[in-house]
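Descriptive analysis of the structure
The primary structure of each chain is shown beneath.
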Amino acid sequence: MSKLLINQYLGDLSRLKQVSGTSRESVVREAFKDLLKGYARSHDLVFVPEFEIESPAKERRYVDGALLHALRLPFGYWEAKDEKDDLDAEIALKFKRGYPKDNIIFDDSTQVVLIQNGIEVTRCRVEDTDSLQKLLGLFFGYQRPEIAEFRKAVEQFTTDLPAVIEALRAMIESAQKTNAAFSKAAKTFLLHAQKTINPSLTEEDVREILIQHILTDEIFDEVFPGQPFHKDNNVARELHKLEETFFTGNVKFQTLKGLEVYYRAIRSAAARIGSHHEKQTFLKTVYENFYKVYNPKAADRLGVVYTPNEIVRFMIESADWLCETHFRRNLIDRDVEILDPAVGTGTFITELIEHFRGQPAKLKHKYLEELHANEVSILPYYVANLNIEATYAAITGEYEEFPGLCLVDTLDNTAGLGRKTGDQVADLFGMGDENVERIKRQNRRKISVIIGNPPYNANQLNENDNNKNREYPEIDRRIKDSYIKASTAQKTKLYDMYSRFFRWASDRLHDDGVLAFITNRSFLDARTFDGFRKIVAQEFAEIRVVDLGGDVRANPKLSGTTHNVFGIQTGVAISFLVKKRGSRGARIFYARRPEMETAEEKLASLAGTSLKFLTMSEVMPDGAGHWLNLTQNDFETLLPLATKATKSGKRGSNAIFRTFSLGVSTNRDSWVSAHTEGETLDRMAYFIEAFEASREGGGIPTTSIKWSRNLKRRFDQGRQEPFDETRLTKWLYRPFTVRPIYDSDLFIDERGAASRMFPSGQANSAICFTVGGRLDFNAFATSMSASLTVLSLDANQCLPRRIFGGEGDVENITDWALKQFREHYGAKGKQPQPITKDAIFHYVYAALHDPVYREKYAQNLKREFPRIPLYGNTAGDFWRWAGWGEKLMALHLGFETVEPWPLTRTDVPDEKARKAGQAPKPALKADKIGCRIVLDSETTLVGVPAEAWTYVLGNRSALEWVLDQHKESQPKDPTIRARFNTYRFADHKERVVDLLARVTRVSVETQAIVDAMAAEPR
Ligand SMILES: C[S@@+](CC[C@H](N)C(=O)[O-])C[C@H]1O[C@@H](n2cnc3c(N)ncnc32)[C@H](O)[C@@H]1O
């Protein structure tokens, strides 16, 4: 690997020299940079170009590149020189200017020198690949003592922390009962905390705050030794007092003894960090690491992640420019009050202080009066306090307490909302506590700029996680009355944290002001955010959005770590919303970074620039509140396939189908449906027993089974359902994958209209289509109930041919539809047979497979239910399409019985496995180029026609779905993994061989029909 990188480097280097016609450092150094980056990736290091360091004489220096350890400590440096320079003289000069000597590479594109701990370790010519490899090996093998120590300490810490936390909890609990001084002080603290942080806080929460305080106090003191930043903080003081009532001297020493290794490592690492900037990053990383060990769920809920500096600077510069353009004021100007409502580690405030660096008098006023920040959690609050006060002290040379930092739940603090010009100040609480005083002070202010990175944990995925966001009655009511009221979406998920913060900040902002947030990007195009888009466009005068993309769920080709600026799965956007007195409606501007750009490239594109220099396109929203991917076509004129109005029987509303229903949402697929009937029954027998045992166990749900909100509600209602083998039936779980399912009103979360569509003993079929817009539009057919997510990512709606259980009428295609089709095709041409509802059913299925239709209406189909075009004018046209639909349906419903495609099977015994008495090793791999499928270490199927792979449903071809669904993977559910991990491919192999041959035919013939459709003139 490393040789490969070196050869690549030499190739790049000669190409650069050749193409540019120069050997100048600024041109050719790119090649060495790439070499280092390549090495860095395999060593878990991050390469940062133009890295700022502070020389021993406290001057700022920029090294061409630094490699950072996960702890954000520099691991090594690189400095490039020109081939014409005298390299040794340059090295001496750099060291004289205070460049680091511990682990640094110098290169001039002809030779490379490695210096470690001030001594030249080795040097070589670049084309001497063996020596260069050795040199790089030494460079990357370097062990910075404090990093090695820290790594060890973190490991130790992760193991020891739970025990220490338990001990502390017990100690606090006993102090609560037996120590009057403690319980009095704790009560007072709780009262204060309830007023400020969250009214529903309890004694347990105070205990957790105190534990976090105790565990981190020492760390924070160590990073800035001898400074008052931490000890003098008003909240820290209160917690110290509380701590001192029970936790001092030997008790403290003995309890924290286990963590001493960790503290020692931190102390020694901290002591070695010279620059203020490095200290800040160091602190952030310690904090992030600590929190993730201490309480990973809270870390997720609160969004414990700091904002990269490139983004913070970009947002500050841009907000400054917007203030100047719209209000002729700058951020530094008097009365421009700035608030970060989710301050985290304080990055925005510290960067603002940096931003104001050149104007000391104004900076002082701003710092003491007009900068505000909120944080709900004690640890980031401490870190923010340290960072902000230390930054101010570093810049001005004097320590001043930062009075603008409040420990408060921003979303609960609604007393300052709607504060407009001329408002009178309402008193908040009657308490004299300093933190409360700070909040009151903030609430009195007219805030002109709100800037930050609010959390965006939207919904917990699993009820067992117990990690749900709490409710915020006032903000949620505001959301309901605005964003939700203006929405036409049936289901809205607008109570997630980031829309709450948008709502809060929109209401908190003064008449004239700027709101700058970096958040989840889904508000830009999610259907459920249509009301949000309409309302912000009304409430603001100008909106500018920089879309940083990175939505891994929408584009599986992306990787969170590579493409997303936060390394997460959710797409990200930076929004600037300008509020202006008297404005009516916003002009909206939009820019997006290329989809496949890496996070590093995205950050580089933001570094050193601002909105002022960005080219943006103006968005003209359509009436439905769409901003992006606007469509201008005739979609509206096509026949509606199904509508909510028709389903609810609204007079005057028409559609082809009367009713439709989402697929079955079990919320516990792996429990109610396994590969075989026996496995399914075993799992459900266990599940039901555990469910009942929870009732006997005092109503405390056991975590060994998968709960959901519905199931908990049903449990609380006392609902029961004895285990019953006859409940077994079948469902379409994934494309061309039918599985057994334990059908149950109690244990399946949402059955949709399953019993009206597919009651037992009644034959029926349904056309299903994807909704949700993550995947390209797709349709499939089923003759049994289907899962909610047959294509895995998006949900699917189902349109049954017939519907049962009503009053005798089983017809689901409307007379209106029949009339439309008959009128359109009837009068012209010969009519060999009258159009029937069955034929319309087939026609619809064909139209939904038409590649021209899918492409032309792709955007509409991502957002709305399909509409159906009437192709051609003659009966012949109709029947051609209906015929295609009928054939497609026969293939897709009858996939288990169609004639198998003649694939050739080759079996070569896997002697090793056989000798060991094992089954052949499953592979289930598609080799598209080799036209074959490798099933396992013995069997290959050869002769898969190339077109078979082109019949794609969502992210996979039909054949790949079959392969995917038969892999041996670790069950995600821990109980199933431990008790029911019984699936073995070998037990199903012969059936899979048969299925693959049949699905090959389905694919080839489907593709032939689809190709014929594509060739059809229209
Ligand atoms: C994404 S982080 C902010 C990152 C910050 N810009 C930085 O670079 O460190 C979000 C922060 O908001 C805090 N937070 C979450 N909900 C909050 C609330 N309701 N009120 C105040 N702060 C909150 C979290 O504790 C977390 O520290």
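First, a word on scope: everything that follows refers to the structure included in this document. As the structure is a prediction and not an experimental result, all values here were calculated from the model.

Attention shifts here to the pairing of strand β10 (residues 447–452). Among the 6 residues of β10, 6 are classified as buried, and the element is accordingly described as predominantly covered. Here strand β7 (residues 337–340) pairs with β10 via 3 bridges, running parallel. In the strand pairing of β10, L339 is matched with I450. Pairing of β10 with strand β11 (residues 509–520) involves 5 bridges; the strand directions are parallel. Residue pairing for β11: I450 is matched across the bridge by L515.

Next up on the list: the sheet that holds strand β1 (residues 46–54). Strand order across the open sheet formed by 6 strands is β1-β2-β3-β4-β5-β6, with mixed pairing between neighbours. Looking at strand neighbours, the two that pair on one side only are β1 and β6 (119–125), the edges of this open sheet. For this sheet, the mean inter-axis angle between neighbouring strands, taken without regard to orientation, is 30°. Bridge count for β1 against strand β2 (residues 60–68) is 8 bridges, and the pairing is antiparallel. Within the sheet, the bridge partner assigned to E54 lies in β2 and is R60. Helix-sheet contacts for helix α2 (residues 25–42) involve β1, β2, β3 (74–80), β4 (103–107) and β5 (111–116), and the interaxial angle to β3 is about 155°.

For the rest of this paragraph, the subject is the site of the ligand. Around the ligand, the surrounding shell holds 23 residues, and the nearest of these are T307, T345, T347, E375 and D409. Contact distances for the ligand include 3.4 Å between a nitrogen atom and a backbone N or O atom of V376. In this structure, a nitrogen atom belonging to the ligand sits 3.0 Å away from a main-chain N or O atom of T410. Considering the ligand on its own, with 610 Å² of exposed area, one finds that the protein chains cover 98% of that surface. Considered class by class, the residues forming the shell around the ligand number 13 nonpolar, 8 polar and 2 charged.

Let us now look at the packing of aromatic side chains. Evaluated as defined, the whole model comprises 53 aromatic pairs. Here the aromatic rings of F687 and F747 are separated by 5.6 Å at their centres, their planes lie at 75°, and the arrangement is edge-to-face. Taken together, the positions of F687 in helix α25 (residues 677–696) and F747 in the loop between β19 (737–742) and α27 (754–757) put the pair 60 residues apart, joining distant regions of the chain. Summarising the burial analysis for this pair, F687 and F747 share the class buried. The rings of Y483, Y498, F502, F517, F523, F529, F532 and W627 are connected pair by pair, giving a single aromatic cluster. Taking NZ or CZ as reference, R801 lies 6.0 Å from the ring centre of F841, over its face.

Each value, and the rule that gives it
- Residues numbered from 1 in each chain as written.
- Predicted model: local features only at pLDDT ≥ 70, side-chain atom pairs only at ≥ 80, totals over all residues.
- Heavy atoms only, no water.
- Buried < 20%, exposed > 50% of the residue type's maximum accessible area, 1.4 Å probe, protein only.
- Helix = DSSP H or I, 4+ residues; strand = E, 2+ residues; numbered from the N terminus.
- Pairing = 2+ DSSP bridges.
- Axes fitted to C-alpha atoms, helices over the stretch in contact; angles between N-to-C directions.
- Contact = heavy atoms within 4.5 Å.
- Near = heavy atom within 4 Å.
- Polar contact = N/O pair within 3.5 Å; in protein donor to acceptor, adjacent residues only side chain to side chain.
- Areas by Shrake-Rupley, 256 points an atom, 1.4 Å probe, with all protein chains shown as cover.
- Nonpolar A, V, L, I, M, F, W, Y, C, P; charged D, E, K, R; others polar.
- Phe/Tyr/Trp six-rings, centres within 6.5 Å; stacked < 30°, edge-to-face > 60°.
- Lys NZ or Arg CZ within 6 Å of the ring centre and 35° of its normal.

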